[in-house]
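# Fold and contact review
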Amino acid sequence: TNDNGKVLIENWVEDRACEGYDKGKPAPLVNRYGHEGIISINKDGTGSISTTVRETYRPPSGNKIRQKGSRLSLREEAVYAQVSSEVAEEVKPPKIVPDYQSTMHKDYKKEFNSDWPEPVAITTSNLKLPVSYWTDGVSKGVHGVTQNSMQGITV
């Protein structure tokens, strides 16, 4: 039941079944401590402290005094680690180096030597001006031009 004593929709079956046990108890106490008399009729009885874990637990058997010193145990751990790494190195397969050469490169190993011929003469074509009206046409004279000399160019 909620604070107003109304039955919640989810708990209506439980509340109706326990109505006989909750006579005279306020709803907040029932919600907090639960219904009395459902599990045990003895209202003054206390629950047992024993649990399954407490009943079935057995402390570990064996000597509780240290049998080896701390230096010896550290040495044993170091030797164990070293031996296990050596064994791991022996068991580990060798690393496979992939060969990325094609069949052409593997089968035909002919070296190519580039023999460029020496130039016969030094070319001056890159020093010459390109052919245009101003290099060739002005000296020949063009129809309709009345002046033979232009700015900076004499004919």
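Because the structure is a prediction, the values reported are computed rather than measured. (Residues numbered from 1 in each chain as written. Predicted model: local features only at pLDDT ≥ 70, side-chain atom pairs only at ≥ 80, totals over all residues. Heavy atoms only, no water.)

## Thoughts on the overall build of the protein
Scanning the protein from terminus to terminus reveals six helices and zero strands. Counted from the first residue to the last, the protein has its helices and strands arranged as α-α-α-α-α-α. Classification of the 155 residues of the protein by burial places 5% in the buried group. For the protein, long-range pairs separated by at least 24 residues make up 10% of all intrachain contacts whose partners lie at least 6 apart in sequence. Roughly 15900 Å² of accessible area belongs to the protein as shown, and the carbon and sulfur atoms make up 56% of that amount. (Helix = DSSP H or I, 4+ residues; strand = E, 2+ residues; numbered from the N terminus. Buried < 20%, exposed > 50% of the residue type's maximum accessible area, 1.4 Å probe, protein only. Contact = heavy atoms within 4.5 Å. Areas by Shrake-Rupley, 256 points an atom, 1.4 Å probe, with all protein chains shown as cover.)

## Here we look at the pattern of salt bridges
Any two side chains of opposite charge can pair, on the condition that their charged atoms come close. Counting across every chain of the model gives two salt bridges. A salt bridge links Glu-76 to Lys-68; its shortest N-O distance comes to 2.9 Å. Residue Lys-68 is classed as partly exposed on the basis of its relative accessible area, which comes to 41%. (Salt bridge = Lys/Arg side-chain N within 4 Å of Asp/Glu carboxyl O.)

## Re a nonpolar patch on the surface
A cluster of nonpolar side chains, namely Val-79, Val-83, Val-87 and Val-91, defines an oily patch on the protein surface of about 340 Å² accessible area. On the secondary structure map, Val-79 appears in helix H4 (residues 70-91). Looking at Val-79, the relative accessible area reads 47%, which means it is partly exposed. (Patch = residues over 30% accessible without salt bridge, like charges linked within 9 Å, V, L, I, M, F, W, Y side chains within 5 Å.)

## Comments concerning the environment of Val-30
Of note, Val-30 is situated in helix H2 (residues 27-33). Excluding its chain neighbours within four sequence positions, the residues that come into contact with Val-30 are Asp-22, Lys-25 and His-35.

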